[in-house]
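Topology and contacts: notes
What follows is each chain in one-letter form.
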Amino acid sequence: MARRVRANPGEGARLREEILVAAESLMAEAGTEEALTLRAVAARTGVSTPSVYMHFANKDELIEAVCLRSWDELARRIRGVEDPDPFQRLGGCGRAYAGFALEYPTQYRVLMMRPTDNPAAHACFELMAAAVRDCVDAGVLRGHPGRITLGLWAAIHGCVSLLIAQPGFPWPDVDDFVDQVVRTAGLGSAVYSRVQKAPLVASGKLAQTFDAACRTIRSDVEHTSDQ
């Protein structure tokens with residue numbers, strides 16, 4: 001156990017931060033929150049176990065506080081996505097979300113893959129909803145922004161949750177796979193927002209319609225890139 005200089009009165013906030021840093025490093029080393037104990041955190045910090053209890057009532061409270069620290073990084077990444085086109089920016093937000101989850105799998109699993117009441121989920125929703133509202137305002141997406149956001153969020157969350165929970169599965173290149181899911185969710189939402197529950201034509205006719213639409217999209221992209 002490292003020797004630590006006793007904190008002066010009023011330095012409780014500094015000790016709390018040191019405890020969080022120690023707990024975060026222990027979680028990262030173990031790769032799971034299960035290995036984290038208040039005694040181990042106290043030893044890593046250089047204080048007694050009761051000193052940790054002065055700041056966190058139990059292990060679950062400490063773990064959630066550690067994980068919420070990293071959520072500021074997710075917000076920074078999403079807000080840092082810059083693209084004048086709202087639909088491209090929305091895709092960038094989805095990739096930023098997935099990248100964060102895969103870089104901080106333990107924190108993501110604790111906050112988003114088990115029942116818990118924390119502000120992280122609401123914060124994530126609001127960040128994604130802001131990008132979706134821009135797409136609705138631009139006309140590329142149609143419908144209620146909140147409902148669209150939930151659909152997109154469910155797709156990205158499902159993708160990263162599988163990647164985290166099943167690391168041994170024969171996944172393709174992760175970056176390519178994430179990009180595929182992001183594009184599928186975005187383009188699918190754009191199409192669904194226009195047809196919704198309307199009856200679909202026969203598969204052959206539907207394939208022809210999609211082929212024609214995709215030829216137009218590719219032609220527009222090539223034309224734009226030539227300018």
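See the structure printed just above.
Because the structure is predicted, anything quoted here is derived from the model rather than measured.

1. Notes on the pattern of salt bridges
In this structure the tally under the stated criterion is eleven salt bridges. Glu33 serves as the salt-bridge partner of Arg109, at 3.5 Å between the closest nitrogen and oxygen. Of this pair, Arg109 sits in helix 6 (residues 105-112) while Glu33 sits in the loop between helix 1 (12-30) and helix 2 (38-45), and the two are 76 residues apart along the sequence. Of the residues examined, Glu33 reaches a relative accessible area of 8% and is grouped as buried. A salt bridge links Arg76 to Glu73; its shortest N-O distance comes to 2.8 Å.

2. Considerations on the state of the cysteines
Applying the stated criterion to the full structure yields zero disulfides. You can see Cys159 has no disulfide; the closest cysteine sulfur is in Cys124, sitting 15 Å from it. In this structure Cys159 comes out as buried when scored by relative accessible area, which is 7%.

3. As for the packing of helix 5 (residues 86-103) against helix 7 (residues 120-138)
It is the contact of helix 5 with helix 7, at a shortest axis distance of 8 Å, that shows an interaxial angle of 160°. Relative to helix 7, helix 5 is oriented roughly antiparallel. In the crossing of helix 5 with helix 7, the sense of the turn from one axis to the other is left-handed. Taken together, the residues of helix 7 that come into contact with helix 5 (itself represented by Pro86, Phe87, Arg89, Leu90, Cys93 and Tyr97) are Cys124, Met128, Ala131, Val132, Asp134, Cys135 and Ala138. Of the residues contributing to the contact of helix 5 with helix 7, the split by class is eleven nonpolar, no polar and two charged.

4. A closer look at the packing of helix 4 (residues 59-79) against helix 5
The N-to-C vectors of helix 4 and helix 5 enclose an angle of 155°; their axes lie 9 Å apart at closest approach. When the interaxial angle is binned, helix 4 and helix 5 end up roughly antiparallel. Seen along the crossing, helix 4 lies across helix 5 with a hand that is right-handed. Between helix 4 and helix 5, the residues in contact are Ser70, Trp71, Glu73, Leu74, Arg77 and Ile78 and Cys93, Ala96, Tyr97, Gly99, Phe100 and Glu103, respectively.

5. Observations concerning the nonpolar core
In this structure, Leu36, Val41, Leu62, Trp71, Tyr97 and Tyr108 are the most contacted members of the largest nonpolar core, which totals 57 residues. Contributing elements (two or more residues each) for this core: helix 1, helix 2, helix 4, helix 5, helix 6, helix 7, helix 8 (145-165) and helix 9 (174-195). With residues near it in sequence (within four places) discarded, Val41 still touches Ile19, Ala22, Ala23, Leu26, Leu36 and Leu62.

6. Thoughts on helix 2
Residues lying three or four places apart along an α-helix face the same way, a consequence of the helix completing one turn every 3.6 residues. What helix 2 keeps buried is the set Leu38, Val41, Ala42 and Thr45. All buried residues of helix 2 project into a common sector of 100° when viewed along the axis, lining one side. Check the buried side of helix 2 and you find it contacts helix 1, helix 3 (49-53) and helix 4. Once helix 2 ends, the next one or two residues include Gly46, with phi positive near 90°.

Criteria and cut-off values
Residues numbered from 1 in each chain as written. Predicted model: local features only at pLDDT ≥ 70, side-chain atom pairs only at ≥ 80, totals over all residues. Heavy atoms only, no water. Salt bridge = Lys/Arg side-chain N within 4 Å of Asp/Glu carboxyl O. Helix = DSSP H or I, 4+ residues; strand = E, 2+ residues; numbered from the N terminus. Buried < 20%, exposed > 50% of the residue type's maximum accessible area, 1.4 Å probe, protein only. Disulfide = S-S within 2.5 Å. Axes fitted to C-alpha atoms, helices over the stretch in contact; angles between N-to-C directions. Parallel < 35°, antiparallel > 145°, perpendicular 65-115°, else oblique. Left-handed = near helix turned anticlockwise from the far one by under 90°. Contact = heavy atoms within 4.5 Å. Nonpolar A, V, L, I, M, F, W, Y, C, P; charged D, E, K, R; others polar. Core = buried A, V, L, I, M, F, W, Y, C linked by side-chain atoms within 4.5 Å. Arc of directions from axis to C-beta.

Everything listed here is a matter of coordinates, which is why it stays silent on function.
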